[in-house]
Amino acid sequence: MVFQLARGATGFRGAKDDPLPGTDLQAFRAAWHMAARTSDGQVGAFVRQTYPRSFHAATVADRNGTHVVLCHAHLPLIAFAADQRPGYVDEFQDPPVWSNIFSDAGFTVLSAHLLNSPLSQVDTSDLRPAEWMQIRYWRATRLGEVLFNSWD
C-alpha cells in the first residue's frame, strides 16, 4: 500500500489556495497525557508549532528513556524521535509500544521506515504547486523531511 501525502503536508500553501486545516490539539494533548500514564511515564515539555515549523512536539519520559512525539500541525500524523530539533530528515524512531494511544485518538502513527521512504515511493498527487516549490527549493527527498520541517 502506498502512503498518500495530503495537501498541506509541507505546511505551505499558495496565496490563492484554501487555508490549511489544523490538527486537533486538544485530542493530541489528551492522547499525550494518556500515553504517559499508560507507559508509567511522565509528560515533559510541549512545544507548540510556530513559524517556520510544520509540527508540534511533546515529550514522554518512561523507563526506556525520553521519547519526542511529533504531531503534524495540519494533518493528524504522529512520528517519534530521540531528541527535539527544529526539523527532521532521517532522525526518526519507531513508535514505542504505547503509541496505539494516538491511533485510538484518531491519529496515524508513522514508522521510521515509512518516514525514511523516498518521495518517489509516496503518492504526492494531492500536493499543490506551492508545496512542490518548497520541496524542490529545500531538496527534500524523504517523506519525513517533507512532513516535519522547519522551512521558511
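None of these values were measured; they are calculated from a predicted model.

Draft legend 1. Here's a closer look at unusual backbone geometry. Look at the link from Tyr51 to Pro52: it is a cis peptide, with omega at 10 degrees. The topology assignment puts Pro52 in the loop between β1 (42-47) and β2 (55-62). Even without being glycine, Arg139 reaches a positive phi, approximately 55 degrees. Relative to the elements of secondary structure, Arg139 occurs in the loop between α4 (129-138) and α5 (143-147).

Draft legend 2. Here's a closer look at α4. Those residues of α4 not exposed but buried are Ala130, Glu131, Gln134 and Ile135. The arc that holds every buried residue of α4, seen down its axis, measures 140 degrees, which confines them to one face. Exposed side of α4, more than 90 degrees from the buried face: Pro129, Met133, Arg136 and Tyr137 are the residues found there. Considering only its buried residues, α4 is in contact with α5. Arg139, located one to two residues past α4, shows a positive phi value of around 55 degrees.

Draft legend 3. View of the side chain of His67. With respect to the helices, strands and loops of the structure, His67 is situated in strand β3 (residues 65-72). Looking at His67, its side chain comes within polar contact range of the side chain of Asp62, at 3.0 Å. With residues near it in sequence (within four places) discarded, His67 still touches Ala58, Thr59, Val60, Asp62, Phe80, Ala81, Pro96 and Trp98.

Draft legend 4. Quick peek at the pattern of salt bridges. Counting across every chain of the model gives five salt bridges. Taking the shortest distance from any N to any O, the salt bridge between Arg128 and Asp17 comes out at 3.3 Å. Of the two residues, Arg128 is situated in the loop between α3 (112-115) and α4 and Asp17 in the segment before α1 (25-38); the sequence distance between them amounts to 111 residues. Note on Asp17: relative accessible area 15%, which makes it buried. In this structure, Asp83 engages Arg85 in a salt bridge whose closest nitrogen and oxygen atoms are separated by 3.1 Å. Residue classification places Asp83 among the partly exposed positions, given a relative accessible area of 33%. Salt bridges linked by common partners bring Asp83, Arg85 and Glu91 together as one network.

Draft legend 5. Geometry of the nonpolar core. Counting residues in each nonpolar core, the largest one holds 27 residues, and the members touching the most others are Leu5, Leu70, Tyr88, Phe92, Leu147 and Phe148. Of all elements in the fold, only β2, β3, β4 (77-81), α3 and α5 reach the threshold of two or more residues within this core. For Leu5, the contacting residues outside a window of four places in its chain are Leu119, Val122, Asp123, Thr124, Asp126, Leu127, Leu143, Val146 and Leu147. Leu25, Ala35, Cys71 and Trp98 belong to the second-largest nonpolar core, a separate cluster that totals 17 residues.

Draft legend 6. Representation of α1. Look at α1: 20 Å from first C-alpha to last across 14 residues, which is about the 20 Å you get at 1.5 Å a residue. The distance from a side-chain oxygen at the start of α1 to the backbone nitrogen of Gln26 is 3.1 Å, and the residue carrying that oxygen is Asp24. Looking one or two places after α1, you find Asp40, whose phi comes out positive at around 55 degrees.

Parameters and conventions
- Residues numbered from 1 in each chain as written.
- Predicted model: local features only at pLDDT ≥ 70, side-chain atom pairs only at ≥ 80, totals over all residues.
- Heavy atoms only, no water.
- Helix = DSSP H or I, 4+ residues; strand = E, 2+ residues; numbered from the N terminus.
- Buried < 20%, exposed > 50% of the residue type's maximum accessible area, 1.4 Å probe, protein only.
- Arc of directions from axis to C-beta.
- Contact = heavy atoms within 4.5 Å.
- Polar contact = N/O pair within 3.5 Å; in protein donor to acceptor, adjacent residues only side chain to side chain.
- Salt bridge = Lys/Arg side-chain N within 4 Å of Asp/Glu carboxyl O.
- Core = buried A, V, L, I, M, F, W, Y, C linked by side-chain atoms within 4.5 Å.
- Expected span 1.5 Å × (residues − 1).

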